[in-house]
Each structure stands twice: as C-alpha cells, then as structure tokens.
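What follows is each chain in one-letter form.
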Amino acid sequence: MALPQKHFKRGSTKPELPEDGVPRFFSMAFCPFSHRVRLMLAAKQIEHHKIYVDLIEKPEWYKDFSPLGKVPALQLTGVKDQPTLVESLIIAEYLDQQYPQTRHFPTDPLQKALDKILIERFAPVVSAIYPVLTCNPNAPKDAIQNFENALDVFEVELGKRGTPYFAGQHIGIVDYMIWPWFERFPSMKINTEQKYELDAKRFEKLLKWRDLMTQDEVVQKTALDVQLHAEFQKSKTLGNPQYDIAFKGTP
C-alpha cells in the first residue's frame, strides 16, 4: 500500500499502516539525521514504509511510535512488541548488524570504536555551521571560522588514512554518516551573502572525497537537489517551513 507523499502534521488522521512485517521509517525529508538512515536503507536495499512527519506541528499520534517525538525513528514490525528505534547512529548500527550482506561498520572492534568516535567529532562541525546553514540572521560572526576549524579534523584524518574514503577503498559508515551535511553545504553558496564555498586548498582532500561520494549510486538515489535545500532553509527562516517541496515533480 502506497502511503501519501506528504508530511503529516497536527490534526492529521493517523495513516493506515499495513501489518506486513516491513519496517516503518518515520522521517522529515530535509532532516540530515533522517538522511543518514535513508542512506543505510538504500545501501542495504531494505524494503520499508516511509512516513514523513512535520517537526513544527507534529501529529498527535506520532508519540505512539516515537515517545520523544524524534526523527528518524524506525519501527520494527516483524518482531515482538514492535519496538521503535531512535537516534540515527543507533539505527544505522542495528541495520548493519541485522542485514550483514554488505557491512559498513568495521568488523575490527577497535576500528569500529575509533570510527564511532570520529562520527561523534562531527558534532562540532554541525553545531558551528547550523545557524549559517539554516539562514539564521543572528548567526555568530565567527560561525564560519569555528566550522572550518572543526572540519579541519576530517581533512587531516582523511590524509592520515591515505585512502579515497574514510573506510578505505570503499564507502563505509563514517562516509555515510557525515555525508548528509556535505550534500547541504553547497546551499550556502545560494543563501549566504558571501556565497560561501569550502576553501579548495584548505579542504582539498575532503573536496575530492565529496566528488567521489556524489558518484555513489546510493548517494544519488537518496539525494535532494541543492536548490531544494536552499528553498527549504529560506522557508524556515520566514517561519513557514515548506517540508513538502521535497516531493516536487513526484506523482
């Protein structure tokens, strides 16, 4: 059964969800954390139902699935009590273990731990650039500087690893978990007064990595156009986020 291509909001009727054992994926189309899970579901070709949630006006029934009202959330309908998982990295790790045909986390325990630490070190990158990325007129004046300083960690780390991807010769968990923000960074060239772009010299390795990532079939399958990202952020700034522009051109 096809579910509506729209974001459910306050006052909306709870959708009829089939009891077919297929996971139910609750997300917001422009949420980078939801994007992490979309990448994993696509990479592992896992069948799932998509339910989109308006994060400003959350539907009352959503707490039945995600008590904290968070996205992403993944309800496992084929197991006892139909539990719901939240937090993108937790969901990603569960999917990697439950569907091991293509592994994205390292099998070596130490490397797995180090990669999870590296993913956590992306948090300062996100927090620094968030006000700029979301067109906040009160963004700190040193936001870009703080962002670039935090991103230096990943430029250096990629150089230390000496491989095209953080996982080596193929895409792995670090690559997919930080990718959603790299898809969104180019929107700053559209939305910022200085038409901001990553410095080609300072972030030479990361930009090569970014170009490689854009050629990945999974990345392409889950991508939204940079213009849509820019439009959405502008609509948020105006206080009326247009979630459903994600479905422009879809039936």
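The rules behind the values
Within each chain, residues carry numbers counting from 1 in the order of the written sequence. Residues qualify for local features only when their pLDDT is at least 70, as the model is predicted, and side-chain atom pairs are given and counted only at 80 or more; totals for whole chains, interfaces and linings, by contrast, use all residues. Hydrogens and water are ignored here; the side-chain numbers use all heavy atoms of the structure. UniProt positions are given in the numbering used here, feature names are shortened, and annotations may be inferred rather than shown by experiment. A strand pair is defined by DSSP finding two or more bridges across the two strands. Each helix corresponds to a stretch of at least 4 residues labelled H or I by DSSP, and each strand to a stretch of at least 2 residues labelled E; elements are numbered beginning at the N terminus. The convention used is that axes are lines fitted to C-alpha atoms, helices contributing only their stretch in contact, and that angles between N-to-C directions extend from 0 to 180 degrees. Note on terminology: angles under 35 degrees are roughly parallel, angles over 145 are roughly antiparallel, angles of 65 to 115 are roughly perpendicular, and the others are oblique. Crossing handedness follows the turn of the near helix against the far one: under a right angle anticlockwise gives a left-handed crossing, and clockwise gives a right-handed one. It only takes one pair of heavy atoms within 4.5 Å for two residues to be counted as in contact. Three residue categories are used. Nonpolar comprises Ala, Val, Leu, Ile, Met, Phe, Trp, Tyr, Cys and Pro, charged comprises Asp, Glu, Lys and Arg, and polar comprises the others, including Gly. Among buried residues, the Ala, Val, Leu, Ile, Met, Phe, Trp, Tyr and Cys ones that are joined through side-chain atoms within 4.5 Å form a nonpolar core. We call a residue buried when its accessible area falls under 20% of the maximum for its residue type, exposed when it is over 50%, and partly exposed in between, using a 1.4 Å probe and counting protein chains only. For the domain bounds, the source is a domain assignment made automatically or taken from a database. In protein, a polar contact means a hydrogen-donor-capable atom and an acceptor-capable atom, both N or O and within 3.5 Å, with residues adjacent in sequence counting only if both atoms are side-chain atoms; elsewhere, any N or O pair within 3.5 Å suffices.

You'll find the chain entered in an unreviewed UniProt entry as Pyrimidodiazepine synthase isoform X1, with Drosophila mauritiana given as the organism. What UniProt records for the chain under Sequence similarities (unreviewed entry) is the sentence "Belongs to the GST superfamily. Omega family."

On to the sheet that holds strand E3 (residues 49-53). With respect to topology, five strands assemble into an open sheet ordered E1-E3-E2-E4-E5, the strand pairing being mixed. Pairing within the sheet leaves two strands with one partner each, and these edge strands are strand E1 (7-8) and strand E5 (84-86). Note: strand E2 (residues 24-27) against E3, four bridges, orientation parallel. Residue pairing for E3: Phe-26 is matched across the bridge by Ile-51.

As annotated by UniProt and renumbered to match this structure, "domain: GST N-terminal" (unreviewed entry) occupies residues 21-103. Strand forms 18% of residues 21-103 and helix 28%; the C-alpha atoms that close the span are 23 Å apart.

So, on to the packing of helix H4 (residues 123-133) against helix H5 (residues 143-161). Viewed as axis vectors pointing N to C, H4 and H5 meet at an angle of 150 degrees, and their least axial separation amounts to 8 Å. Relative to H5, H4 is oriented roughly antiparallel. Note on packing geometry: the crossing formed by H4 with H5 is left-handed. Contacts from Pro-124, Val-125, Ala-128, Ile-129 and Val-132 in H4 reach Ala-143, Ile-144, Asn-146, Phe-147, Ala-150, Leu-151 and Phe-154 in H5. For the contact of H4 with H5, a count of residues per class yields 11 nonpolar, one polar and no charged.

The next thing to look at is the nonpolar core. With 54 residues, the main nonpolar core has Phe-122, Tyr-176, Phe-182, Phe-185 and Trp-209 as its most contacted residues. No other element matches helix H6 (residues 173-184), which puts eight residues into this core. The residue makeup of this core includes at least three contributed by each of domain 1 (24-102) and domain 2 (109-237). Excluding anything up to four places from it in sequence, Phe-182 contacts Phe-122, Leu-151, Leu-198, Leu-206, Trp-209 and Arg-210. Ranked by size, the runner-up nonpolar core spans 23 residues in total, among them Leu-17, Phe-30, Tyr-52 and Leu-224.

We now examine the side chain of Ser-12. You can see Ser-12 is positioned in the loop between E1 and E2. Ser-12 sits in the buried class, given a relative accessible area of 18%. A distance of 2.6 Å separates a polar atom in the side chain of Ser-12 from the backbone oxygen of Lys-9. In this structure Ser-12 touches Pro-59 and Trp-61, once residues within four positions along its chain are discounted.

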